[in-house]
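Chain by chain, the residues run as shown.
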Amino acid sequence: MFTWEWAAQLALFAAVATMTPGPNALLLLSVAARFGLRLALPAAVGVCIGIPTVIVVVAAGLGQVFEAASWLRVAMHVLATLYIGWLGWQILRMGVPQEGGPDTKPVSLWQAAALQFVNPKVWTMAVGAVGAYSFDGSPLTSALLVGAVFAVVCVPAISMWTLFGSAVRHWLTSPTRFTVFKIGMGTALVASIALTWVT
């Protein structure tokens, strides 16, 4: 049953889960640093749409399907590795802020939303949230309420990383500093998925 205490506890869980570094934080930090706040907003909105959608999908029962079918988990893991690896490569290819060129297209809303469906951190977060915070009664109501809390909490959490990327943008106009930054971000993004294979 919904209570304000339940909502507050879930909001705290969601805040910690979404604010801590992971593929989303690294991606948005990199995109905002390269393209600025305005062009990074679609990716931020995509993340804010994608996370609650995954939560609702898991709460609706798909999480149990993945738990039962080990081959499906492995397939999703491989897909996640390929997609996040591709995003890491895109970060490495980025040019210096304010520099023109063929690589000046930021991650789109739909690309960022799609990332959530193969993001291991989001799936782990979704399974944990649904397992701990779903309540008896209508499964649909429970799923929508858990998703709604995550949707509200996502906005400041995702905004924090996007604003931080935008804030360091002027510092990265030096080609040397930007090269170090994008190698660090691209490597960290790929490492975030690589480490899931050994844990």
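Note that the coordinates shown come from a computational prediction; the quantities given were computed from them, not determined experimentally.

Focus: the overall build of the protein
Right, so step 1: A tally of regular secondary structure across the protein gives 8 helices and 0 strands.
Right, so step 2: Starting at the N terminus and walking to the C terminus, you meet the elements of the protein as α-α-α-α-α-α-α-α.
Right, so step 3: Within the span of the protein, comprising 199 residues, buried residues form 47% of the whole.
Right, so step 4: Across the protein, every contact between residues at least 6 apart in sequence was considered, and the portion connecting residues at least 24 apart equals 88%.
Right, so step 5: For the protein, the exposed area adds up to about 9900 Å²; of that, 73% sits on carbon and sulfur atoms.

Some words on the nonpolar core
Right, so step 1: Ranked by internal contacts, the top residues of the largest apolar core, which has 55 residues, are L10, I51 and F150.
Right, so step 2: For this core, the secondary-structure elements that each account for two or more residues are α1 (4–19), α2 (23–35), α3 (37–68), α4 (70–93), α5 (109–116), α6 (120–133), α7 (139–167) and α8 (175–194).
Right, so step 3: Considering each element in turn, this core owes the most residues, 10 residues, to α3.
Right, so step 4: Those residues within four positions of F150 in sequence are excluded, and the remaining contacts are L10, F13, A14, T18, I51, P52, I55, M125 and A129.

Here's the deal with the packing of α1 against α7
Right, so step 1: Contact geometry for α1 and α7: axes closest at 9 Å, N-to-C directions at 40 degrees. It follows from the interaxial angle that α1 and α7 lie oblique. Two packed elements cross with a definite hand, and for α1 against α7 that hand is right-handed. On the side of α1, the interface is formed by W6, A7, L10, A11, F13, A14, A15, T18 and M19, while α7 contributes L145, V146, V149, F150, V153, C154, A157, M160 and W161.

Structural notes on α7
Right, so step 1: In this model α7 runs 42 Å from its N-terminal to its C-terminal C-alpha over 29 residues, within 8% of the 42 Å that 1.5 Å per residue would give.
Right, so step 2: A bend of about 35 degrees at C154 is the largest found in α7, and the proline P156 appears one to four places after it.

A closer look at the packing of aromatic side chains
Right, so step 1: Summed over the entire model, instances satisfying the criterion amount to 1 aromatic pair.
Right, so step 2: Here the aromatic rings of F13 and F150 are separated by 6.3 Å at their centres, their planes lie at 75 degrees, and the arrangement is edge-to-face. In this pair, F13 sits in helix α1 while F150 sits in helix α7, placing the two residues 137 residues apart along the sequence.
Right, so step 3: The class of F13 is partly exposed, set by a relative accessible area of 28%.
Right, so step 4: The exposure class assigned to F150 is buried, which follows from its relative accessible area of 0%.
Right, so step 5: Positioned over the ring face of F35 is R34, at 4.8 Å from the centre of the ring.

Brief notes about the packing of α1 against α6
Right, so step 1: Close contact between α1 and α6 brings their axes to 11 Å; oriented N to C, the two are set at 165 degrees. In terms of their interaxial angle, α1 and α6 are classed as roughly antiparallel. Between α1 and α6 the crossing geometry is right-handed. Each of W6, Q9, L10, F13, A17 and T18 in α1 lies in contact with α6, whose residues at this interface are K121, M125, G128, A129 and Y133.
Right, so step 2: Broken down by class, the residue content of the contact of α1 with α6 amounts to 7 nonpolar, 3 polar and 1 charged.

Examining α6
Right, so step 1: In this model α6 runs 20 Å from its N-terminal to its C-terminal C-alpha over 14 residues, within 8% of the 20 Å that 1.5 Å per residue would give.
Right, so step 2: Among the residues of α6, those classed as buried are P120, V122, W123, M125, A126, A129, V130 and Y133.

Brief notes about the environment of G85
Right, so step 1: Along the chain, G85 falls in helix α4.
Right, so step 2: According to the relative accessible area criterion, G85 is partly exposed, its value standing at 26%.
Right, so step 3: It is 9.0 Å that separates the C-alpha atoms of G85 and A191, two residues lying 106 residues apart in sequence.

Describing the environment of L39
Right, so step 1: Within the element layout of this structure, L39 appears in helix α3.
Right, so step 2: Once the C-alpha coordinates of L39 and K105 are considered, the two residues, 66 residues apart in sequence, prove to be 8.9 Å apart.

The rules behind the values
- Residues numbered from 1 in each chain as written.
- Predicted model: local features only at pLDDT ≥ 70, side-chain atom pairs only at ≥ 80, totals over all residues.
- Heavy atoms only, no water.
- Helix = DSSP H or I, 4+ residues; strand = E, 2+ residues; numbered from the N terminus.
- Buried < 20%, exposed > 50% of the residue type's maximum accessible area, 1.4 Å probe, protein only.
- Contact = heavy atoms within 4.5 Å.
- Areas by Shrake-Rupley, 256 points an atom, 1.4 Å probe, with all protein chains shown as cover.
- Core = buried A, V, L, I, M, F, W, Y, C linked by side-chain atoms within 4.5 Å.
- Axes fitted to C-alpha atoms, helices over the stretch in contact; angles between N-to-C directions.
- Parallel < 35°, antiparallel > 145°, perpendicular 65-115°, else oblique.
- Left-handed = near helix turned anticlockwise from the far one by under 90°.
- Expected span 1.5 Å × (residues − 1).
- Bend = angle between axes of the 7 residues up to and from the residue.
- Phe/Tyr/Trp six-rings, centres within 6.5 Å; stacked < 30°, edge-to-face > 60°.
- Lys NZ or Arg CZ within 6 Å of the ring centre and 35° of its normal.
- Nonpolar A, V, L, I, M, F, W, Y, C, P; charged D, E, K, R; others polar.

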